[in-house]
Amino acid sequence: MPAKNSKTEPGGFTAEERAAMKKRAAELRAEGKQGAKKADGLQAVLDSIAQMAPADRALAERVHMTVTATAPDLSPKTWYGMPAYANADGKVVVFFQDAGKFNYRYSTLGFQDAAHLDDGNLWPVAYALQKWSAVVEKKVAALVQAAVS
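Residues numbered from 1 in each chain as written. Predicted model: local features only at pLDDT ≥ 70, side-chain atom pairs only at ≥ 80, totals over all residues. Heavy atoms only, no water.

Draft legend 1. A look at helix α4 (residues 134-148). Between its first and last C-alpha, α4 extends 21 Å over 15 residues, near the 21 Å set by a 1.5 Å rise per residue. Of the positions making up α4, those classed as buried are Val 140, Leu 143, Val 144 and Ala 147. Burial along α4 is one-sided: seen end-on, the buried residues are contained in an arc of 95 degrees. Among the exposed residues of α4, those pointing more than 90 degrees away from its buried face are Ala 134, Val 135 and Lys 138. In this structure, the buried side of α4 is in contact with α3 (54-70), β3 (92-97), β4 (107-111) and β5 (126-129). (Helix = DSSP H or I, 4+ residues; strand = E, 2+ residues; numbered from the N terminus. Expected span 1.5 Å × (residues − 1). Buried < 20%, exposed > 50% of the residue type's maximum accessible area, 1.4 Å probe, protein only. Arc of directions from axis to C-beta. Contact = heavy atoms within 4.5 Å.)

So this is what it looks like as structure tokens:
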């Protein structure tokens, strides 16, 4: 849940949510252009990470390295202004949401419906990230591997 200091605009969305929607609209417009789309996507992800607070940036960099090493077929792109990684169909499989995005107390590693994490009738699709460690890296790599398998 958003922190209590996020003020809801008259339309029902916080300023942060409205900014994320505007970024997503710009991303969708940009995706229509041909050419160096993948290179642009990587640069957009790196730019997004560079704008984060130091603690979030450190996590995002580790997530980026782990995802790209584990699933090199996924294409980096931004999704609502967040670093994300899409399959060959252009569908986001995994994304990173920094804690500062919506004033949360933790960053999130999330998976979209294109991820193959299905396990019966109930399975997690988002994970809170607070600190990076070898154990966390191993778990993230395993989740990403399962998501693309």
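Draft legend 2. Geometry of the pairing of strand β2 (residues 82-86). Judged by how many residues are buried, β2 sits mostly within the fold: five of five residues are covered. On β2, burial covers both faces: Met 82, Ala 84 and Ala 86 on one face and Pro 83 and Tyr 85 on the other are all buried. Both strand β1 (residues 75-79) and β2 contribute to a ladder of five bridges, which runs antiparallel. From the neighbouring strand, Thr 78 faces β2, where its bridge partner is Pro 83. In sequence, β1 turns back onto β2 through a hairpin of two residues, with Tyr 80 there showing a positive phi of about 55 degrees. (Pairing = 2+ DSSP bridges.)

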